[in-house]
Amino acid sequence: MIEPVDDDRTWYVKRDPDSSPEAIIDRFGGGYRLRRFSLHESRRTQYGVYTGREIAETAWWRLRDGGK
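Predicted, not measured: the structure shown is a model, and the values here were computed from it.

Caption draft 1: Layout of the pairing of strand E3 (residues 23-28). With 4 bridges connecting them, strand E2 (residues 10-13) and E3 associate as antiparallel partners. Bridge pairing links threonine 10 to aspartate 26 in E3. Here E3 runs beside strand E4 (residues 31-36); their pairing, made up of 6 bridges, is antiparallel. Across the sheet, the residue bridging to isoleucine 25 is leucine 34, located in E4. Adjacent in sequence and paired antiparallel, E3 and E4 are bridged by 2 residues, among which glycine 29 carries a positive phi angle near 60 degrees.

Rules used in this analysis
Residues numbered from 1 in each chain as written. Predicted model: local features only at pLDDT ≥ 70, side-chain atom pairs only at ≥ 80, totals over all residues. Heavy atoms only, no water. Pairing = 2+ DSSP bridges. Helix = DSSP H or I, 4+ residues; strand = E, 2+ residues; numbered from the N terminus.

This is how it looks when you write it as structure tokens:
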């Protein structure tokens, strides 16, 4: 699931409403950047820029599931 953060440019990717964020999606140029969630900005591994939030979320779950 995608949960908005305090602004209209950032979203958390979570397994369910009560779980911790696993990834972060933020508005980046004309797309949405997907990164692994980390409390330390330097540890947020980038996974690419996508054309939509839902596409970025789907990419995250595919990465987690080993590309299945």
